[in-house]
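Results of the structural survey
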Number of protein chains: 2
Amino acid sequence: MSMHGVARRVGIKAPSLYTYFESKHALYDELFRIGMREYRARLDQVEQDAGPGLDALDAFVHESLRFADEHPELFQLLFERPVPGFEPSTEAMEEAAGLLSDTDSRVRRMMASGVIRTELDVEQARDVIVVLVQGLMSLKRANEPGVRAGEGRTGRVLPHIVGLLKTAWNPGAEDPSKEQGK
Amino acid sequence: MSMHGVARRVGIKAPSLYTYFESKHALYDELFRIGMREYRARLDQVEQDAGPGLDALDAFVHESLRFADEHPELFQLLFERPVPGFEPSTEAMEEAAGLLSDTDSRVRRMMASGVIRTELDVEQARDVIVVLVQGLMSLKRANEPGVRAGEGRTGRVLPHIVGLLKTAWNPGAEDPSKEQGK
DNA sequence: GTCTATAGGATGATAGAC
DNA sequence: GTCTATCATCCTATAGAC
């Protein structure tokens, strides 16, 4: 991404960009901040649509993969640090910290409602989920960037990843009778 | 990575590099090929040291993380496609394909010996493991590149990731009595 | 706020002497 | 095979007119 290219895309000349951003890194920083906000907003949205229960976990994973798929370069900037020398500012990192605490809250709710049953504490369970999602997103972008969601290796492994979590953390979920008593 | 920088590191001037590589992409390609070979060799080594059994799974995950930790830029080149426009040549991709079939063989052996018990087929189980390892390596490099192996968020989540696999794929492994009959 | 012009560097790659 | 010299291009960023 060059300043010239960015300027062309928004219909101005490169030097005019410096009216809005004092450096290229400042532009990266704003991208990082906006990207994190957008990702958080989308996760909020799908969570509300899904409602409580195991579907929320599915929704989280699916929406993450969809986000990485729609904005591969943005995903890279947010989660893979592709730009040597660029580190998000403190303000931008607050957005990243917000994402993490959002995820904590989700996991905490799932634990409280019995949707997730594990001996891990909230942070540990959250990190396990984060690893899974990062692995899916990173693999997808690296190995099959163009492949439609749900297809290819990543698409096929996706349900098995979610299934792995369900098997380990809520083996009785498939059987409604076990849920009744709770 | 600039040609000038590479040349300086090996004690020659930049133009002399073109005696050995006809372009920068050719140099990337050789790095990719050598990197894949080294990674495969190390996985082979630790597998032999670990012997058969569940330890082999631990060894695989740990050695992968160690590799990504020791050679973060190389990991990036091999598994995150950080260079726009660079795609490994056919010969280099054969090495990557070899890594994948190595992993298939390992998973197949674990299934055959009963170390892993799952309804997934070999390729599906392999992809699940690949996702986990990629997630661990990618997160580590992005968020805590300098942190010693075993420490930090990645270090703490590592045993839980392996534990997740064991719980889902071999819940009886902790209990030796169940192993006896097999 | 936008532009033209340009500074000031770094880069990948080549020419040609030795 | 190695070097010096250099090309040609691209880049971020600034100066200054309008």
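For the structure itself, look to the data block above.
So, here is what we can say about the structure in this document. Per chain, residue numbering runs from 1 following the sequence as it is written. Chains and ligands are labelled sequentially in the order written, the chains with letters from A and the ligands with numbers from 1. Under the rules for a predicted model, residues below a pLDDT of 70 receive no local features and side-chain atom pairs below 80 are neither given nor counted, while totals for whole chains, interfaces and linings still include all residues. The basis for every side-chain value is the complete set of non-hydrogen atoms in the structure, without hydrogens or water.

1. Some words on the environment of Ala96(A)
For helices the rule is a DSSP run of H or I covering at least 4 residues; for strands it is a run of E covering at least 2, with both sets numbered from the N terminus onward. Relative to the helices and strands, Ala96(A) resides in helix α6 (residues 90–112). When near neighbours in sequence (up to four residues on either side) are disregarded, Ala96(A) contacts Phe32(A) and Met36(A). Whether two residues are in contact is decided by their heavy atoms, any of which lying within 4.5 Å being enough.

2. Some points on the relation of the copies chain A and chain B
One copy of the chain maps onto the other through a rotation about an axis plus a displacement along that axis. Overlaying chain A on chain B yields an RMSD of 0.0 Å, the required transformation being a rotation through 180° with an accompanying axial translation of 0.0 Å. Both copies of the chain, as the preceding transformation shows, are related through a two-fold rotation axis. Nearest to the rotation axis, the C-alpha of Gly135(A) is located 1.7 Å from it, this being the minimum over chain A. In superposing the copies, a least-squares fit is computed on C-alpha atoms, taking residues whose pLDDT is at least 70 in both.

3. Considering the side chain of Asp58(B)
All names here are of chain B. When you line up the elements, Asp58 lands in helix α4 (residues 55–70). One polar contact links Asp58 to Lys166, side chain to side chain, over a distance of 2.9 Å. Apart from residues lying up to four places away in sequence, Asp58 is in contact with Val162 and Lys166. In the analysis that follows, any N or O atom pair within 3.5 Å is treated as a polar contact, provided that within protein one partner can donate a hydrogen and the other can accept it, and provided that, for residues neighboring in sequence, both atoms belong to side chains.

4. Describing the protein's contact with DNA strand D
A molecule or strand has a residue near it when one of that residue's heavy atoms lies within 4 Å. Around DNA strand D lies a shell of 13 residues, among which Met3(A), Tyr18(A), Lys24(A), Ser16(B) and Tyr20(B) are the nearest. At the protein interface, 71% of the atoms of DNA strand D within 4 Å belong to sugar or phosphate. One of the side-chain N or O atoms of Lys24(A) is found 2.6 Å from a phosphate oxygen in DNA strand D. Here a phosphate oxygen of DNA strand D and a side-chain polar atom of Tyr20(B) are 2.5 Å apart.

5. Considering the nonpolar core
Judged by nonpolar contacts, the single largest core of 94 residues is most densely connected at Trp169(A) and Trp169(B). Not counting the four nearest positions on each side in its chain, Trp169(A) is found in contact with Val115(A), Ile116(A), Arg117(A), Thr118(A), Leu120(A), Ala125(A), Val128(A), Ile129(A) and Leu164(B). We call a set of buried Ala, Val, Leu, Ile, Met, Phe, Trp, Tyr and Cys residues a nonpolar core when their side-chain atoms join them within 4.5 Å. Three exposure classes are used, based on accessible area relative to the maximum for each residue type with a 1.4 Å probe and protein chains only: buried under 20%, partly exposed in between, and exposed over 50%.

6. Overview of unusual backbone geometry
Residues and elements named next belong to chain A. Located in the positive-phi region is Arg81, a residue other than glycine, with phi close to 45°. By the secondary structure assignment, Arg81 is in the loop between α5 (72–79) and α6. By relative accessible area, Arg81 is classed as partly exposed at 24%.

7. Digging into the side chain of Glu80(A)
With respect to the helices, strands and loops of the structure, Glu80(A) is situated in the loop between α5 and α6. Ignoring sequence-local partners within four residues, the contact set of Glu80(A) consists of Phe75(A), Gln134(A), Ser138(A), Arg141(A), Gln76(B), Glu80(B), Ser138(B), Arg141(B) and Ala142(B).

8. Brief notes about the interface of chain A and chain B
In this assembly, 31 residues from chain A lie in contact with 31 residues from chain B. Each of two parts loses accessible area, computed with a 1.4 Å probe, when they are put together; buried area is these two losses added. Summed over both partners, the interface of chain A with chain B comes to about 2600 Å²; 67% of that surface belongs to carbon and sulfur atoms. Interface area lost by chain A to chain B is led by Val131(A), Arg153(A) and Leu164(A), which between them contribute 22%. Any Lys or Arg side-chain nitrogen found within 4 Å of a carboxyl oxygen on Asp or Glu counts as a salt bridge. If you look at where chain A meets chain B, you find 2 salt bridges. Listing elements by their share of the side of chain A that touches chain B, those giving two or more residues are α5, α7 (122–143) and α8 (152–169) of chain A. Among the elements that take part in the side of chain A that touches chain B, α7(A) stands out by supplying 15 residues, more than any other. Within the side of chain A that touches chain B, the residues separate by chemical class into 17 nonpolar, 8 polar and 6 charged. Here the nonpolar group is Ala, Val, Leu, Ile, Met, Phe, Trp, Tyr, Cys and Pro; Asp, Glu, Lys and Arg are the charged ones; every other residue, Gly included, is treated as polar.

9. Focus on helix α4 (residues 55–70) of chain A
Three- or four-residue spacings in an α-helix give side chains the same orientation, since the helix completes a turn every 3.6 residues. Residues and elements named next belong to chain A. Each helix should span, by expectation, one fewer than its residue count multiplied by 1.5 Å. Over its 16 residues, α4 runs 22 Å from end to end, which matches the ideal 22 Å to within 8%, given 1.5 Å per residue. Among all positions in α4, only Ala56, Leu57, Asp58, Ala59, Phe60, Val61, Glu63, Ser64, Leu65, Phe67 and Ala68 are buried. Next to the buried residues of α4 lie α3 (24–50), α5, α6, α7 and α8.

10. A short note on the packing of aromatic side chains
Residues and elements named next belong to chain A. For this analysis, a ring pair means two rings from Phe, Tyr or Trp (six-membered ring only for Trp) whose centres lie within 6.5 Å, classed as stacked if their planes differ by under 30 degrees, edge-to-face if by over 60, and tilted for the remaining angles. Across all of its chains, the model carries 8 aromatic pairs over all chains by this definition. Ring geometry for Tyr28 and Phe86: centres 5.5 Å apart, planes at 40°, overall tilted. Taken together, the residues span a long stretch of sequence, with Tyr28 in helix α3 and Phe86 in the loop between α5 and α6 at a distance of 58 residues. With a relative accessible area of 10%, Tyr28 lands in the buried category. The structure contains a cluster of three or more aromatic residues connected by ring pairs, namely Tyr39, Phe67, Phe75 and Phe79.

11. A closer look at the packing of helix α5 (residues 72–79) of chain B against helix α7 (residues 122–143) of chain B
Residue and element names in this part refer to chain B. Their axes nearest at 11 Å, the elements α5 and α7 cross at an angle of 130°. Put simply, α5 runs oblique to α7. You can see that α5 and α7 cross each other, and the crossing is left-handed. Across the interface between the two elements, Pro72, Phe75, Gln76 and Phe79 from α5 touch Gln134, Met137, Ser138 and Arg141 from α7. Split into classes, the residues belonging to the contact of α5 with α7 amount to 4 nonpolar, 3 polar and 1 charged. Interaxial angles span 0 to 180 degrees and are taken between N-to-C directions of axes, which are lines fitted to C-alpha atoms, for helices over the stretch in contact. Working definition: roughly parallel below 35 degrees, roughly antiparallel above 145 degrees, roughly perpendicular at 65 to 115 degrees, and oblique for all remaining angles. Helix crossings get a hand from a simple test, with the near helix turned counterclockwise from the far one by less than a right angle marking a left-handed crossing and a clockwise turn marking a right-handed one.

12. Let's talk about the pattern of salt bridges
All names here are of chain A. The full count for this structure, using the stated rule, is 36 salt bridges over all chains. One salt bridge connects Arg42 with Glu63, and the closest N-O pair in it is separated by 2.8 Å. Separated by 21 residues along the polypeptide, Arg42 in helix α3 and Glu63 in helix α4 bring together distant segments of the chain. In this structure Arg42 comes out as buried when scored by relative accessible area, which is 13%. Between Lys166 and Asp58 there is a salt bridge, with the nearest N and O atoms lying 2.9 Å from each other. Of the two residues, Lys166 sits in helix α8 while Asp58 sits in helix α4, which places them 108 residues apart along the sequence. A single network of salt bridges, built from pairs that share partners, joins Arg37, Arg40, Glu95 and Asp102.

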